[in-house]
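An overview of the molecular structure
These are the residues of each chain, in order.
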Amino acid sequence: MTPQQSQSPRLTIATIATDTPMGAQAYQEQVARRAASALEAVDDRGWRVRRLIMRSMRSKLDGNRRLPLGRIATASAGERRALGRLLYRGDAVAHRMALELPPSPHADVITVHDVVAWRFPDESAPVPAAIEEARRAAAVICVSEFSAREAVEFLGIAEPHVIHNGVDTRFFDAPPLDAAERRSLGLPGRYVLHAGGATRRKNLEGLAEAWPIVHRERPDLELVLAGPTNARRTALFQGMPGVRLVGRLPDEVMPGLVAGAEIVVVPSLYEGFGLPALEAMAANVPVVAAATSSLPEVVGDAGILVEPTGAGIAAGLLDATDGSRLDEMIAAGRVRAGEFTWERCAEAHARVWASVG
């Protein structure tokens, strides 16, 4: 290490490897990829950036640190602080992008995507020490105004920073999958797409109630459900006319899958941000989303917001197939998606890191 490097501050971005990446993992990869250039743009101290990608002791996933992650998540606050002193030695700032990871003794920054661990019993269990650690953190970043309100009201965070997610440039004006690609993936010619998880907050019950109404009125339209295999999703939809469960599809086909949809539906009761809605708007696809949590904040006036009931979702989907407003809505969605960039997101993160480091 040169003398200049020893004088420059170091940021560590700490994440957990997973074999089922979702929206939170898209966020951490996009921000981490841009961290060094974003810091260079806002601070002239010559920051160094380090990635710590944690994996469990026997995991075959890519990573550069092995930790007993299950034990650490449930460890006492003192044990977690002791481990943090070892992990983050030499850092000016450590940004933990997963609350399961231990806190830094230096400037500890965390991201709070949502508080679903505390609100929904079928989500991952909350980390016992997380609330105390969040209140002690040098900075808390939330991905929406909604998630910031949740952090204030539910976790007691004093002044969270709101930094919206961006959207991957691959989705902007993406070409739909061609006929051969659709056939290989078991996709119909015309479809409504729901992509993501299947926990209760995703409100698949509401979508299952809505779909027979829609299919009766639009029999040439099918519902495609993409996401990791889940018993609840299967029980709700298997055998329902006009529905295809295609499982988790490769990341490289997702822009084309979204772009080929007639509509993307996001019926969730609770979302910290709602990245699928933003990706659809970038791909010039109409969005029908529940008027709940962060979704109105993301969709704005560029989609159809509905009550998260079967009747409400059905009415929204039928409205979205009516061509009278379709071109106007698609154009508005494309403009709105362009306001959410990962470059802007990373630069806002860099200003937070520089301010606490």
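Up top is the structure these notes are about.
A brief report on the enclosed structure follows. Fair warning: this is a prediction, and the values are worked out from it, not measured in the lab. Per chain, residues are indexed from 1 in the order of the written sequence. Whole-chain, interface and lining totals are the exception, using all residues; otherwise, since this is a predicted model, local features are given only for residues with pLDDT of at least 70 and side-chain atom pairs are given and counted only at 80 or more. Values shown for side chains rest on all heavy atoms present in the structure; no hydrogens or waters enter the calculation.

**Looking at the overall build of the protein chain**
A run of H or I in DSSP counts as a helix once it spans at least four residues, and a run of E counts as a strand once it spans at least two, with each numbered from the N terminus. Scanning the protein chain for helices and strands turns up 16 helices and 13 strands. Each radius of gyration reported is based on C-alpha atoms, and the globular scaling rule is 2.2 Å times the count of residues to the power 0.38. In terms of overall size, the protein chain behaves like a compact globule, its C-alpha atoms giving a radius of gyration of 21 Å where 357 residues would be expected to give roughly 21 Å. The principal-axis extent of the C-alpha atoms belonging to the protein chain is close to 70 × 40 × 40 Å. A burial count over the protein chain gives 54% of its 357 residues as buried. Residues count as neighbours in contact if any of their non-hydrogen atoms are within 4.5 Å of one another. Taking the contacts inside the protein chain whose residues are at least 6 apart along the sequence as the reference set, 64% of them involve residues at least 24 apart. In short, Shrake-Rupley with a 1.4 Å probe defines the accessible areas, and a residue's cover is counted only from the protein chains shown. For the protein chain, the exposed surface amounts to about 15900 Å²; the carbon and sulfur share of it is 50%. With 40 positive and 43 negative side-chain charges, the protein chain shows a separation of 9 Å between the mean positions of the two kinds. In this scheme, a residue with accessible area under 20% of its type's maximum is buried, one over 50% is exposed, and one in between is partly exposed, where area comes from a 1.4 Å probe on protein chains only. Counted charges follow a simple rule, with Lys and Arg positive, Asp and Glu negative, and His plus the chain ends left uncounted. Charged side chains are reduced to one point each, which is NZ for Lys, CZ for Arg, CG for Asp and CD for Glu.

**A closer look at the nonpolar core**
By size, the foremost hydrophobic cluster in this structure holds 39 residues, and its most contacted members are Leu193, Leu257, Val264 and Leu278. Among the secondary structure elements, those contributing two or more residues to this core are strand S8 (191-195), strand S9 (222-226), helix H11 (254-259), strand S11 (263-266), helix H12 (275-282), strand S12 (287-290) and helix H13 (295-299). At 6 residues, the largest contribution of residues to this core is made by H12. Discounting chain neighbours no more than four positions away, the residues touching Leu193 are Val224, Ala226, Leu257, Val258, Ala261, Ile263, Val264 and Val265. By convention a nonpolar core is built from buried Ala, Val, Leu, Ile, Met, Phe, Trp, Tyr and Cys residues, the set being connected through side-chain atoms within 4.5 Å.

**Topic: empty space enclosed by the protein**
Here a cavity is any set of points on a 1 Å grid over the protein atoms alone where a 1.4 Å probe fits but cannot get out, and a pocket is any open set with protein on both sides within 12 Å along at least 5 of 7 lines; a residue lines the site when it has an atom within 4 Å of a point. Grid points are joined across faces, edges and corners, and a volume is the space filled by probe spheres set on the points. What the rule picks out here adds up to 1 cavity of 30 Å³ or more. Approximately 30 Å³ is the volume attributed to the largest cavity. Lining the largest cavity are Ile304, Asp319, Ala320, Asp322, Arg325, Leu326 and Met329. Where the lining of the largest cavity is concerned, the elements lending two or more residues are helix H14 (310-320) and helix H15 (326-337). Of the residues in the lining of the largest cavity, the class split is 4 nonpolar, no polar and 3 charged. Nonpolar residues are Ala, Val, Leu, Ile, Met, Phe, Trp, Tyr, Cys and Pro. Charged residues are Asp, Glu, Lys and Arg, and all others, Gly as well, are polar.

**Here we look at the environment of Asp168**
Locating Asp168 in the fold gives a position in the loop between strand S7 (161-162) and helix H8 (179-185). Judged by relative accessible area, Asp168 falls into the buried class, the value being 18%. Each C-alpha atom, one on Asp168 and one on Pro255, is 9.2 Å from the other, the two residues being 87 residues apart in sequence. Once residues within four sequence positions are removed from consideration, Asp168 is found in contact with Gln30 and Trp342. A distance of 3.0 Å separates the side chain of Asp168 from the backbone nitrogen of Arg170, its partner in a polar contact. Think of a polar contact as two N or O atoms within 3.5 Å of one another; within protein, one of them needs to be a possible hydrogen donor and the other a possible acceptor, and neighboring residues in sequence only count if both atoms come from side chains.

**Description of the packing of H12 against H15**
Only C-alpha atoms enter the line fits that serve as axes; for helices the fit covers just the stretch in contact. Angles between N-to-C directions range over 0 to 180 degrees. One way to put it is that H12 packs onto H15 with a least axis distance of 7 Å and a crossing angle of 115°. For H12 against H15, the interelement crossing comes out left-handed. Judged by residue contacts, Leu278, Met281 and Ala282 of H12 engage Gly333, Arg334 and Ala337 from H15. Split into classes, the residues belonging to the contact of H12 with H15 amount to 4 nonpolar, 1 polar and 1 charged. Handedness of a crossing is defined here by the sense of rotation of the near helix relative to the far one, left-handed for an anticlockwise turn of less than a right angle and right-handed for a clockwise turn.

**A look at the environment of Phe154**
Inspection of the secondary structure assignment puts Phe154 in helix H7 (residues 145-155). Under the relative-accessibility criterion, Phe154 is labelled partly exposed at 31%. Ignoring sequence-local partners within four residues, the contact set of Phe154 consists of Val115, Trp118 and Arg119.

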